[in-house]
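These are the residues of each chain, in order.
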Amino acid sequence: MKFKFFRGMLFALTVGIFLTWALLPAGAEKGKFPSASDKIEVAQKAEKRTLTLDEALQRALENNLSIRQAKLNLANEKLSYEKLKATALQSESKIDLQQAELNWSKAQDTFKKSIQQVQIDIMSQYIGLKDLKNRLTLAKMNVELAKKDLDRVREKMRLGTSGELDELAAKISLWNAQIQLNQVRQDLERAAESFSFATGIDNPSQLELITEFERPAFNKSLEECLKEALEKRAEIKFIKKEIEIAELKLQQLKAENAPLLDLEKAENDLKLAEISLAQERQKIKEEVRQKYYQLEMTKEKLKLQADSLEKAKKEFQNAQAQFKSGLITADQLTDAEISYRQAYLDHQKAVGDCNVAYQELLLSLSEELRLGEKDET
């Protein structure tokens, strides 16, 4: 009986030892148990969060102070509209009712444009924040490369193959790299704070911004844009309605045989409305032209960045082949890689800037914004 009991205990102990060994983390069987930093890294990977542009825009709709302000202003305008409409119905004045409806239409248009402008601003901030996060990694690589170069120069000095000028040049390179790194960190901190204030998202610099953008497809001519804007812009429709109301007021005063001074004022109001229409047309044309040329300029810059990226890519590929053949050092290969990454980030930023300019033009044309995204998975 005792023998069976001890045999059972021995079996359980053996199984326990086996399970303990099997469940140890990789490397633990060699006496290397996870360190505190390893655990932190694992936790960070598990908690790694992403943020798309759509998610940022949604958060902005909930938290952005400019949007909240616009909603409150619209609510007040709604109350004013209801009050004016009730007054007009009591007085049975068609003119007052039309004026109340016109004021409400203006308020709704102002609200819509406010939301759209905030959306464009959020898009621009998202692109800028993502760019700075990537450039921070690049700046760190530059510092490490400069440190290695300084170490190599000092080793050559020890061997007598380099002088103080070489060391000074390496120190200056390292100093410039560190300054650039600090500048990127400061820019990223400011951009993150601004983005957080605009969206209500905490610590956005800790998130992975995964939305990618493509070159917008827009091939309309300037003449087509001007024509479209003059046909669709709400401001022109509002002033035309004001002209109608001014004409009705003048007709009403004539029908009532109103005093001459009242008639002259009504005639002047009508002329002022007609002048406002001509001025608004010109203002819109100037705005559309400026937005159109801005988009064209970003498209040209994008072409230049695409060529620069292709050049840097080929140079990096050549450097990889040279390194494989033993013609260049690992640091020289890293330098080529940094140049390629720099060109890639410049190209991506140009694509983003082009998209922002495109949205600005759509807003000027009174079209719906196209904040569509590339596949984010």
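These figures come from a predicted structure and were not determined experimentally.

J.: Help me out: how do you make sense of the pattern of salt bridges in this one?
T.: Any two side chains of opposite charge can pair if their charged atoms end up close together. Here the structure, examined in full by the defined rule, presents 29 salt bridges. Among the ionic pairs, Arg135 bridges to Asp131, the shortest N-O distance being 2.7 Å. Of this pair, Arg135 and Asp131 both sit in helix H5 (residues 94–159), 4 residues apart, which is roughly one turn of the helix. A residue is classified by how much of its surface remains accessible, and Arg135, at 15% relative accessible area, is buried. Accessibility expressed as a relative area gives 11% for Asp131, which makes it buried. A salt bridge links Glu296 to Lys299; the nearest nitrogen and oxygen atoms lie 3.3 Å apart. Residue Glu296 and its partner Lys299 are located together in helix H9 (residues 260–324), separated by 3 residues, close to a single helical turn.

J.: Would you mind showing me how to read helix H10 (residues 330–364) here?
T.: Quick reminder: α-helices carry 3.6 residues per turn. Residues three or four places apart thus point the same way. The end-to-end C-alpha separation of H10 is 51 Å, in line with the 51 Å expected for 35 residues at 1.5 Å each. Positive phi appears at Ser366, one or two residues downstream of H10, with a value of about 60 degrees.

J.: Honestly, the nonpolar core in this entry has me stumped. Any pointers?
T.: The nonpolar side chains of a soluble globular protein tend to be buried, and buried together. In this structure, Leu51, Ile122, Tyr126, Phe195, Phe218, Val288 and Leu361 are the most contacted members of the largest nonpolar core, which totals 68 residues. For this core, the elements supplying multiple residues, two or more each, are helix H3 (53–63), H5, helix H6 (164–199), helix H7 (222–232), helix H8 (234–255), H9 and H10. It is H5 that contributes the most residues to this core, 15 residues altogether.

J.: Would you take a moment to explain the confidence of the model for the chain for this structure?
T.: Detail in the predicted coordinates should be disregarded across regions flagged by low pLDDT. With 86% of its residues at a pLDDT of at least 70, the chain reaches an overall mean of 88. Across the chain, element-level confidence peaks in H7 with a mean pLDDT of 97 and bottoms out in helix H1 (residues 2–22) with 42.

J.: Looking at this structure, how should I read unusual backbone geometry?
T.: Negative phi values dominate among residues other than glycine, just as trans dominates among peptide bonds. Positive phi, close to 45 degrees, is recorded for Asn203, a residue that is not glycine. At Ser366, a position not held by glycine, the phi torsion is positive, near 60 degrees. Relative to the helices and strands, Ser366 is located in the segment after H10.

J.: Honestly, a nonpolar patch on the surface in this entry has me stumped. Any pointers?
T.: Together, Leu165, Leu168 and Ile172 make up a nonpolar patch on the protein surface, roughly 320 Å² of accessible area in all. Residue position: Leu168 is located in helix H6.

J.: Whenever I open this one, the layout of surface pockets confuses me. Can you help?
T.: Of the pockets and cavities examined, the second largest pocket occupies roughly 340 Å³. Lining the second largest pocket are 16 residues; nearest its centre among them are Lys130, Asn134, Tyr344, Leu345 and Gln348. For the lining of the second largest pocket, the elements supplying multiple residues, two or more each, are H5 and H10. Partitioned by chemical class, the residues of the lining of the second largest pocket number 6 nonpolar, 5 polar and 5 charged.

J.: Any chance you could explain the packing of H5 against H10 here in plain terms?
T.: Packed helices, taken two at a time, are described by the angle between their axes plus the distance between the axes. Where H5 contacts H10, the two axes come as close as 10 Å, and the packing angle between them is 170 degrees. Classed by the angle they form, the pair H5 and H10 counts as roughly antiparallel.

J.: Would you mind showing me how to read the side chain of Lys130 here?
T.: Within the element layout of this structure, Lys130 appears in helix H5. With residues up to four places along the chain from it excluded, the contact list for Lys130 reads Leu209, Ile210, Thr211 and Glu212.

J.: What is the right way to look at the packing of aromatic side chains in this model?
T.: Two aromatic rings, taken as a pair, are described by how far apart their centres are and by the angle between their planes. Scanning the entire structure with this criterion turns up 6 aromatic pairs. Between Tyr81 and Trp104, the ring centres sit 5.6 Å apart and the planes meet at 10 degrees, which makes this aromatic pair stacked. Taken together, the residues span a long stretch of sequence, with Tyr81 in helix H4 (residues 65–91) and Trp104 in helix H5 at a distance of 23 residues. Classification of Tyr81 as buried rests on a relative accessible area of 10%. On the accessibility criterion, Trp104 (15% relative accessible area) is buried. Taken together through their ring pairs, the aromatic side chains of Tyr126, Phe195 and Phe213 make up a single cluster.

J.: Help me understand the environment of Ser196, please; the structure alone is not making it clear to me.
T.: Checked against the element boundaries, Ser196 lands in helix H6. Note: C-alpha distance between Ser196 and Ala60 (136 residues apart in sequence) is 9.4 Å. Beyond its immediate sequence surroundings of up to four residues, Ser196 is in contact with Ile201, Asp202 and Pro204.

So, how was this worked out
- Throughout, residues of each chain are indexed from 1 in the direction in which the sequence is written.
- Restriction of local features to residues with pLDDT of at least 70 applies here, the model being predicted, together with a cutoff of 80 or more for giving and counting side-chain atom pairs; totals for whole chains, interfaces and linings are based on all residues.
- Calculated side-chain values reflect all of the structure's heavy atoms, with hydrogen atoms and water omitted.
- One speaks of a salt bridge when a side-chain nitrogen belonging to Lys or Arg is within 4 Å of a carboxyl oxygen belonging to Asp or Glu.
- Secondary structure elements follow DSSP: runs of H or I of four or more residues count as helices, runs of E of two or more count as strands, with numbering from the N terminus.
- Three exposure classes are used, based on accessible area relative to the maximum for each residue type with a 1.4 Å probe and protein chains only: buried under 20%, partly exposed in between, and exposed over 50%.
- Each helix should span, by expectation, one fewer than its residue count multiplied by 1.5 Å.
- Here, the term nonpolar core denotes a set of buried Ala, Val, Leu, Ile, Met, Phe, Trp, Tyr and Cys residues that are joined through side-chain atoms within 4.5 Å.
- The predictor attaches a confidence to each residue, and that confidence, scored 0 to 100, is pLDDT.
- Like-charged residues are merged into a patch within 9 Å and nonpolar side chains (Val, Leu, Ile, Met, Phe, Trp, Tyr) within 5 Å, provided each residue has over 30% relative accessible area and no salt bridge.
- Throughout, the Shrake-Rupley method with a 1.4 Å probe supplies accessible areas, and for residues the shown protein chains are the sole cover considered.
- Here a cavity is any set of points on a 1 Å grid over the protein atoms alone where a 1.4 Å probe fits but cannot get out, and a pocket is any open set with protein on both sides within 12 Å along at least 5 of 7 lines; a residue lines the site when it has an atom within 4 Å of a point.
- Grid points are joined across faces, edges and corners, and a volume is the space filled by probe spheres set on the points.
- Each residue is assigned to one of three groups, with Ala, Val, Leu, Ile, Met, Phe, Trp, Tyr, Cys and Pro labelled nonpolar, Asp, Glu, Lys and Arg labelled charged, and all others, Gly among them, labelled polar.
- For helices, the fitted axis covers only the stretch in contact; all axes are lines through C-alpha atoms, and the angles between them, taken along N-to-C directions, range from 0 to 180 degrees.
- Working definition: roughly parallel below 35 degrees, roughly antiparallel above 145 degrees, roughly perpendicular at 65 to 115 degrees, and oblique for all remaining angles.
- Residue contacts are counted whenever heavy atoms from the two residues lie within 4.5 Å of one another.
- Two rings from Phe, Tyr or Trp (for Trp, the six-membered ring) form a pair when their centres sit within 6.5 Å of each other. Planes less than 30 degrees apart are called stacked, planes more than 60 degrees apart edge-to-face, and all others tilted.

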